[in-house]
Amino acid sequence: MTDDAGRRGGADERAVLLVAGLAELAVSTVGSALGTVRGLLRRSDAAALAADAEQDLLARGRLVLDRCAAVPPAHLETLARHVLARQAAADDV
């Protein structure tokens, strides 16, 4: 990509490309580190420990993605629930 092509893209496109590049770098670094750790642990009975650590990292990753991808409740629905709660409280009095 030339400098002219880089300037044509908007700020949003550049941000997406930057995040994608950083994510790829992180994934390749983690993959390389896990490969090295696995190679070291093959000589002992701790291979199961490495598999457990990998599963733990996968679970943590799923939790992070679920937390980030969660959609907040609709604003009007939240307001409606507050109104219903107030009406219920007023009826109880």
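Bear in mind that the values here come from a model prediction, so they are computed numbers and not experimental data. Residue positions are given per chain, counting from 1 as you read along its sequence in written order. Selection of residues for local features in this predicted model requires a pLDDT of at least 70, selection of side-chain atom pairs for listing and counting requires 80 or more, and totals for whole chains, interfaces and linings are taken over all residues. Excluded from the side-chain calculations are hydrogens and water; all other atoms, namely the structure's heavy atoms, are used.

## Concerning the overall build of the chain
Inference 1: Segments assigned H or I by DSSP are reported as helices when at least four residues long, segments assigned E as strands when at least two residues long, and all are numbered from the N terminus. Helix and strand counts for the chain stand at four helices and zero strands.
Inference 2: Along its sequence from the N terminus, the chain presents helices and strands in the succession α-α-α-α.
Inference 3: With a 1.4 Å probe rolled over the protein chains alone, any residue whose accessible area is under 20% of its type maximum counts as buried; one over 50% counts as exposed, and the rest are partly exposed. Put simply, the chain has 93 residues, and 3% of those count as buried.
Inference 4: On the chain, roughly 8,300 Å² of surface is accessible, and the fraction owed to carbon and sulfur atoms is 63%. For the area figures, the Shrake-Rupley method with a 1.4 Å probe applies, and any residue is considered shielded solely by the protein chains shown.

## Some remarks on the pattern of salt bridges
Inference 1: Any Lys or Arg side-chain nitrogen located within 4 Å of an Asp or Glu carboxyl oxygen qualifies as a salt bridge. A full pass over the atoms with the stated rule returns two salt bridges.
Inference 2: Here arginine 60 ties to aspartate 56 by a salt bridge, and the two come within 3.2 Å at their closest N and O atoms. In this pair, arginine 60 and aspartate 56 both sit in helix H3 (residues 47–69), four residues apart, roughly one turn of the helix.
Inference 3: A relative accessible area of 53% places arginine 60 in the exposed class.

## A look at the confidence of the model for the chain
In low-pLDDT regions, the fine details of the predicted coordinates are not to be read closely.
Inference 1: A residue's pLDDT is the predictor's confidence in that residue, given on a scale from 0 to 100. Summary statistics for the chain give a mean pLDDT of 79 and a share of 84% for residues scoring 70 or more.
Inference 2: Averaged pLDDT values for the elements of the chain fall to 52 in helix H1 (residues 3–8) and rise to 90 in helix H4 (residues 75–92).

## With respect to a nonpolar patch on the surface
Inference 1: For patch building, the residue pool is restricted to those with more than 30% relative accessible area and no salt bridge; the joining distance is 9 Å between like charges and 5 Å between nonpolar side chains (Val, Leu, Ile, Met, Phe, Trp, Tyr). On the surface, Leu18, Leu22 and Leu25 cluster together into a nonpolar patch covering about 310 Å² of accessible area.
Inference 2: Structurally, leucine 18 can be placed in helix H2 (residues 11–41).

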